[in-house]
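What the coordinates show
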Amino acid sequence: MTASAPAPPRAPVAPRRKPWLVVTVIVAVVLVLSGVAAYFVLFRPPEVRVVTYAVTSEMVTLDPSTEFSNSGLVLSNVYEALTKFDPVAQEPKPWLATSWQSSADGLTWTFSLRQGVKFHDGTPFNATAVKFSIDRTWRMQSGAFFIWFPVNWSHPTPVEVVSEYVVRFHLNYSAPMDWIASAGYGAWIFSPNTPGGSDAGMAEWFEAGHDSGSGPYTLVTEQYSKTRVVFQRSNDYWGGWRAGQFDFAVIRVINDPAQREAAVREGDVDITIDVPVQDLPQLQADPRLKVEIKPSYRTMYAFLNNGRAPTDNASFRRALAYAIPYDDIIASVVSGIGSQPVGIVPAGMWGHDDTLPKFEFNLAKAQQFLAQSPYPTGGVTLKLTYTQDDLFEQQFATLWKEKLAQLGITLNIFGLPWEQQWALAQAGPAGSPDVQDIFVMYWWPTYITPYDFLWNLFHSGSYAFFNLGYYDYPAFDGTIDEASALEASDRATALAKYREAQLMLYNDAAAVGIVDLKNFYVMKSDLRGFKDNAAYPLVVFFYELSR
Amino acid sequence: MGQVAIRRRGTSHAFARFIARRAILSVFVVFGVVVVTFFLSNVIPADPAALWAGPQARPEEVARIREKFHLNDPLPIRFYYYVAALVTGDLGTSIATHRPVVADLLDFLPATLELILAAMVIAIVVGIPLGVISGIRERSWVDHLVRFLAIGGVSLPAFWLAVLLELVFVNKLGWLPVEGRYTDSLAIATSFREVTGFVVLDALLQGNPSVFFDGLIHLILPAVTLAAYPVGLVARMVRAMMIEVLGENYIRTAKAYGLPARLIHYRYALKNAIGPAIVALGLSFAFSLTGAFLIENIFSWNGLGQYAWDSSLASDYPAILGVALVVAIVYVVVNLIVDIVQSVLDPRVVLAREAS
Amino acid sequence: MFGTRFAAFYRRHEGSLREFRSVARLIRRDPLALAGAGIIIAFVFVALTASLLAPYPNQGRGNSNLTEQLEPPSWEHPFGTDEFGRDLLSRIMFGAGLALQVGVLSVVLAFPFGVLLGVTAGYFRGQVGEAIMRVTDMFLAFPPILLAFVIAAALGRGTGAIIVAIAVSFWPWYTRLVHAQVLQVRSQPFVEAAVALALPHRRILRHHILPNSITAASIQASMDVGSAILIGAALSWLGLGPEPPTPDWGVMFNAAYRSASLVTYWWYGVFLGIALFLVVLGFNLVGDAMREVLDPKVRRRRIW
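Small disclaimer: the values here were computed from a predicted structure and weren't measured.

It is worth spelling out the overall build of chain B at this point. Helices and strands together make up the secondary structure of chain B, namely 16 helices and zero strands. Here chain B, with 356 residues, has 50% of them falling under the buried criterion. Sequence separation of 24 or more characterises 72% of the internal contacts of chain B that already satisfy a separation of 6 or more.

In structure tokens form, the structure reads like this:
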């Protein structure tokens with residue numbers, strides 16, 4: 001068609017194949033290959049020995065006077081206290097203090113301190129340091145400072161420096177200071193030369209990732225973040241170092257339980273906690289891994305709202321208690337990593353009494369008690385709150401919901417972040433129509449005494465604070481107050497009184513213990529020396545470990 | 001050629017006006033986000049003072065902390081304190097960690113940025129060629145296959161893809177690491193220090209080849225998982241633009257002139273096709289800052305999404321505000337950059353918007 | 001009488017009806033679109049008949065079955081069981097309805113709202129238009145995860161909160177798309193003519209502006225249903241969705257991930273993932289096909 005048309009203008013010459021393109025590709029490929037080779041050549045097993053602990057949630061603060069949360073895992077490795085609780089002997093043992101005695105009336109306690117100990121900044125440890133630390137902790141009025149309540153702070157020298165290695169406490173009332181000094185929080189001793197100038201200045205210095213402790217490890221500040229903490233061995237540690245111990249330690253946050261498990265199985269994590277319990281059989285069968293299941297002093301409770309209908313009726317509460325499938329929970333929810341609580345004080349702790357009565361799963365009995373209550377056919381709707389992300393609490397609530405449905409009771413379960421769950425409950429039974437009918441949470445002690453459980457969870461003084469069943473019963477208050485005063489002097493009577501108090505709670509069905517949880521550690525099988533200590537929940541003392 | 005001339009002569013003023021106006025409006029947008037976040041975060045029924053004090057704190061202490069942080073003051077006054085600190089660069093103190101929010105952000109932000117950048121690179125390197133091939137061979141089996149892959153990529157639940165990839169590459173084959181950004185023992189053994197927060201960059205700067213490649217290897221799985229969506233997006237957009245552009249008159253003219261196909265496709269058509277793809281990537285960048293949260297969670301990547309979520313759960317409102325601020329700023333900055341890129345590629349957009 | 005009404009209706013909407021028919025025809029010719037439509041229909045069917053079809057409807061709703069915890073796929077339980085021993089096939093079937101609800105309702109909620117704002121901003125322009133677009137920008141700049149969290153905290157967690165959260169995240173996109181198109185349409189001669197004739201705004205909007213400005217947004221919406229389902233599952237995973245034992249797929253995924261290793265108990269995660277992937281794929285395939293059809297010659301593929 002276009003045979004006679006003028007020839008089209010010459011097409012522009014196609015650009016020459018650009019050589020630089022080919023060269024770039026070749027260079028890139030060579031680089032990558034050599035890099036991969038270099039990686040495998042250079043990646044020799046490191047000369048330094050590192051142990052890694054994967055934990056569930058982020059670190060919080062680093063101030064030894066005020067920290068009362070997750071960072072206890074960190075601080076327990078860089079700071080030390082006067083005494084350390086021994087869960088086997090069930091009593092405090094010497095740590096920074098070597099011996100102690102109390103006066104006959106129990107109002108004066110004298111501790112002899114260990115000599116030759118130095119803080120990481122070089123300052124020697126002595127009675128001045130002890131006084132400095134405890135004074136500051138009390139001044140900060142935060143965190144676990146309240147463990148020092150028994151000290152008579154109006155005394156001219158409440159914490160007295162008697163001589164360089166002797167310190168004396170003057171108390172308001174008799175209290176077992178050796179137990180108190182072994183608390184998991186608020187009892188750490190740090191250097192009086194901590195930089196910062198003032199209490200607040202020191203707090204800032206601590207929060208920036210520094211430590212001024214005497215412990216076997218010290219923080220590597222420039223590596224510190226909420227999700228990774230690196231420790232370095234303190235070579236002058238008074239306890240000395242043996243072969244096989246670690247030069248470095250790392251605490252890393254891996255939020256996801258399945259990932260934690262994968263990390264310890266395939267990855268570079270040496271020890272971790274809280275992996276999915278259903279995997280327990282495989283983990284125990286795996287020769288690369290070691291599983292340790294140890295008692296903790298952590299118990300899950302369901303607090304029934306004693307201050308508002310329908311749970312203010314004792315028969316109704318008993319009906320609810322008999323509808324909980326305890327055995328199913330132990331077998332299927334926690335896969336045997338726990339037991340049904342007896343009383344309120346957890347198993348393994350002093351004050352626990354196996355002879356106390358406990359509830360069982362019995363729908364017929366539940367029906368009977370329901371008949372005695374104002375709601376014989378059920379027909380009520382209850383609101384239960386639990387801490388979001390806690391799988392055990394969630395699964396327990398789901399199972400309970402199913403059983404209650406058979407009684408004609410509707411249970412609505414709400415998983416809330418802890419801060420929200422708690423804020424909601426603090427309004428109190430009369431405060432807000434949204435307040436829960438059932439509050440599910442764990443409790444564990446700050447230092448080892450039944451009073452910690454009974455006061456915080458049921459004393460009227462803790463009403464709407466941690467007493468979230470809103471229990472208010474003067475006879476109960478009186479009983480445990482008396483028991484506490486007798487702890488140091490007459491342990492037997494104290495125990496009897498604690499038993500009496502727990503019996504009161506059972507008869508009232510004020511709250512129900514759901515499960516005494518055990519700690520579930522998974523670690524590489526060549527890791528030696530691990531000893532769980534229930535008094536320091538989830539703390540791994542790196543100093544004890546070796547490979 | 002001719003287009004360049006047009007750009008030089010008439011559009012410089014419009015361009016400058018456009019950028020200036022956008023910059024000012026962007027400030028308003030960021031401020032608006034801050035205001036809204038502030039008031040919203042106080043809607044959440046939780047007690048920041050309780051968070052600061054810790055889970056077993058005394059009531060008196062909680063009350064004292066409430067005083068210290070002005071939590072009892074009315075909302076507008078607290079907002080005033082916040083803005084006053086903000087203009088000095090103080091984003092407040094995280095209630096959870098008691099550290100400055102800036103410090104926390106500097107820990108978490110680079111991790112997410114590194115991840116997103118890697119994913120974007122993958123998206124460009126993989127998505128554009130796929131889109132081009134698909135667009136050129138429209139309606140062929142290649143086209144259908146690429147379309148299916150692209151749509152599949154966009155449809156995949158990220159957390160499921162992550163689990164699957166892990167199953168294959170970590171558990172079965174053992175080629176790739178489980179989680180994290182690098183191996184701790186290796187980093188400690190080679191004295192690696194995180195300076196900028198970008199592991200790969202830091203390793204390069206410190207001359208640490210082991211951690212460099214270790215970081216890259218740790219980056220692979222999360223980046224690939226995160227890239228599934230952008231790859232699909234880019235491929236589809238490039239394909240659509242290629243089809244449109246290839247139908248244009250000037251392309252037909254070039255073909256009639258007998259220009260080689262490769263020249264046509266890559267020189268003329270691709271240039272126009274890339275524009276919208278870049279735009280889409282840019283917009284998804286700001287989204288991924290917190291939207292990559294699930295992937296960060298699964299691979300323990302400890303990035304901004306994780307930080308945002310933890311802070312939300314804990315009602316750590318200075319941290320929440322910090323995150324909202326950062327994301328808003330990144331959003332407006334990326335938008336601005338994308339606008340500039342777009343106007344360079346096609347000035348008609350700018351002119352049209354200025355005219356409206 | 002009825003006939004004349006119908007005739008009048010047909011005449012008025014003849015154009016759009018014809019367009020519908022041509023869309024349907026083109027979809028029929030595209031194999032991917034057919035596949036997508038088939039998937040959607042299948043899931044809708046399953047969702048509607050779950051109570052009848054599911055092998056263990058009670059377990060599907062939430063009753064536990066602790067004797068058969070975490071069992072691998074078998075004849076009794078083709079997809080295996082979960083950590084409470086519940087049949088996964090039934091659970092997934094019951095969850096399909098929830099997933100579809102989330103996807104469709106959130107878009108149905110966001111679309112009219114976004115379109116309305118976009119039209120207003122584009123048509124009236126000036127201060128009002130600017131203000132609307134800045135607010136839209138603000139919402140786009142807001143980290144979606146925080147938005148979702150706050151909404152769930154305010155409304156209480158659950159499917160409703162998730163739907164609202166997704167809707168609130170999506171509407172700004174529609175506003176932007178519509179705004180850009182309205183600007184374009186508005187400058188066309190026939191609209192200028194209408195304005196010059198001083199026709200009432202409502203009439204102009206309804207007959208001239210609106211029908212011509214919603215194509216981009218409609219395409220986006222049809223593809224957004226799939227995204228909404230995915231985001232809904234992610235939000236449920238995070239804990240903002242309904243409470244267990246609701247068979248919501250995101251809740252189930254979370255439970256799968258946290259209660260047992262997905263390597264050992266592979267069936268838990270795999271079948272769930274396939275179901276979720278298929279549903280989203282179906283919607284995306286159809287949406288993509290619609291885009292091919294409605295927008296064959298895209299002049300301005302910009303999002304503003």
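Take the overall build of chain C next. The helix and strand tally for chain C stands at 13 helices and zero strands. In chain C, the order of α-helices and β-strands from amino to carboxyl end is α-α-α-α-α-α-α-α-α-α-α-α-α. Here chain C, with 304 residues, has 54% of them falling under the buried criterion. Residue pairs at least 24 apart in sequence account for 70% of intrachain contacts in chain C once pairs closer than 6 positions are excluded.

Tallying the contact residues gives 47 residues for chain B and 50 residues for chain A. When residues of the side of chain B that touches chain A are traced back to their parent elements, those giving at least two are helix 2 (48-53), helix 3 (59-68), helix 5 (101-136), helix 8 (184-189), helix 10 (209-246), helix 13 (293-298) and helix 14 (304-314) of chain B. Considering every element that reaches the side of chain B that touches chain A, the biggest residue donor is helix 8 of chain B, with five residues. Classifying every residue of the side of chain B that touches chain A by side-chain character gives 25 nonpolar, twelve polar and ten charged.

The subject of this paragraph is the pairing of strand 3 (residues 91-94) of chain A. Residue and element names in this part refer to chain A. Here four bridges tie strand 2 (residues 83-86) to strand 3, and the two strands are oriented antiparallel to one another. Bridging across to strand 3, K84 finds its partner in K93. Count of turn residues in the strand 2/strand 3 antiparallel hairpin: four residues, of which Q90 carries a positive phi of about 55°.

Our next topic: the sheet that holds strand 7 (residues 166-170) of chain A. Residue and element names in this part refer to chain A. Spatially, the four strands line up as an open sheet ordered 4-5-7-6, and their pairing is antiparallel. Each edge of the open sheet carries a strand with a single partner, namely strand 4 (97-102) and strand 6 (159-163). Direction aside, the axes of adjacent strands within the sheet are offset by 25° on average. Sheet topology places strand 5 (residues 108-113) next to strand 7; five bridges connect them, and they run antiparallel. Within strand 7, the residue paired with F111 across the bridge is V167.

Moving on to the nonpolar core. Judged by nonpolar contacts, the single largest core of 361 residues is most densely connected at V234 and A324 of chain B together with A165 and Y174 of chain C. Among the elements that make up this core, the one with the highest residue count is helix 10 of chain B (21 residues). If we ignore the near neighbours within four places in the chain, the residues touching Y174 of chain C are A110, F111, G114, V115, G118, A217, Q220 and A221 of chain C.

Now for the domain arrangement of chain B. What the domain assignment lists for chain B is domain 1 (1-96 + 347-356) and domain 2 (99-313). Contact residues are listed per partner, giving four residues for domain 1 of chain B and five residues for domain 2 of chain B.

Right, let's get into the interface of chain C and chain A. A common way to report how large an interface is uses the accessible area buried once the components associate. Each side of the interface is counted separately: chain C has 17 residues, and chain A has 20 residues. Split by residue class, the side of chain C that touches chain A holds seven nonpolar, seven polar and three charged.

Further remarks concern the confidence of the model for chain C. Residues and elements named next belong to chain C. When pLDDT is averaged across chain C, the result is 82; 89% of the residues are at 70 or more. Looking over chain C, one finds the lowest element-wise mean pLDDT in helix 2 (residues 14-29), namely 66, and the highest in helix 5 (residues 88-124), namely 91. Ignoring residues within four places in sequence, the model shows residues 298-304, a span with pLDDT below 50, making 16 contacts including any to other chains.

Further remarks concern the pairing of strand 14 (residues 381-387) of chain A. Moving residue by residue along a regular strand, the side chains alternate between the two faces of the sheet. All names here are of chain A. Across the seven residues that make up strand 14, a large majority, five, are buried. Here strand 14 pairs with strand 15 (residues 410-416) via seven bridges, running parallel. Within strand 15, the residue paired with T381 across the bridge is T410. Assessed by its sense of winding, the connection that carries the chain from strand 14 through helix 11 (residues 391-405) to strand 15 is right-handed. Across two bridges, strand 14 lies against strand 16 (residues 438-443) in parallel orientation. For T385, the partnering residue across the bridge sits in strand 16 and is F439.

Residue and element names in this part refer to chain C. Close contact between helix 7 (residues 144-155) and helix 8 (residues 159-186) brings their axes to 9 Å; oriented N to C, the two are set at 140°. With respect to their mutual orientation, helix 7 and helix 8 come out oblique. Note on packing geometry: the crossing formed by helix 7 with helix 8 is right-handed. Taken together, the residues of helix 8 that come into contact with helix 7 (itself represented by P144, L147, A148, I151, A152 and L155) are G160, A161, V164, A165, V168 and S169. Classifying every residue of the contact of helix 7 with helix 8 gives ten nonpolar, two polar and no charged.

So, on to the environment of I162 of chain C. All names here are of chain C. Residue position: I162 is located in helix 8. Spatially, the C-alpha atom of I162 lies 15 Å from that of P247, the residues being 85 residues apart in sequence. Not counting the four nearest positions on each side in its chain, I162 is found in contact with V102, G232, L235, S236, L240 and G241.

In the predicted model, chain B carries a mean pLDDT of 79, and 88% of its residues have values of at least 70. Low pLDDT (under 50) marks residues 1-9 of chain B, which in the prediction has two contacts with non-local residues, meaning those over four places away or in another chain.

Cut-offs used in this document
- Residues numbered from 1 in each chain as written.
- Chains lettered and ligands numbered in written order.
- Predicted model: local features only at pLDDT ≥ 70, side-chain atom pairs only at ≥ 80, totals over all residues.
- Helix = DSSP H or I, 4+ residues; strand = E, 2+ residues; numbered from the N terminus.
- Buried ≥ 20, exposed ≤ 12 C-beta atoms within 10 Å, placed from the backbone.
- Contact = placed C-beta atoms within 7 Å.
- Nonpolar A, V, L, I, M, F, W, Y, C, P; charged D, E, K, R; others polar.
- Pairing = 2+ DSSP bridges.
- Axes fitted to C-alpha atoms, helices over the stretch in contact; angles between N-to-C directions.
- Core = buried A, V, L, I, M, F, W, Y, C linked by C-beta atoms within 7 Å.
- Domains from an automatic or database assignment.
- pLDDT = per-residue confidence, 0-100.
- Right-handed = clockwise from strand over helix to strand, strands pointing away.
- Parallel < 35°, antiparallel > 145°, perpendicular 65-115°, else oblique.
- Left-handed = near helix turned anticlockwise from the far one by under 90°.

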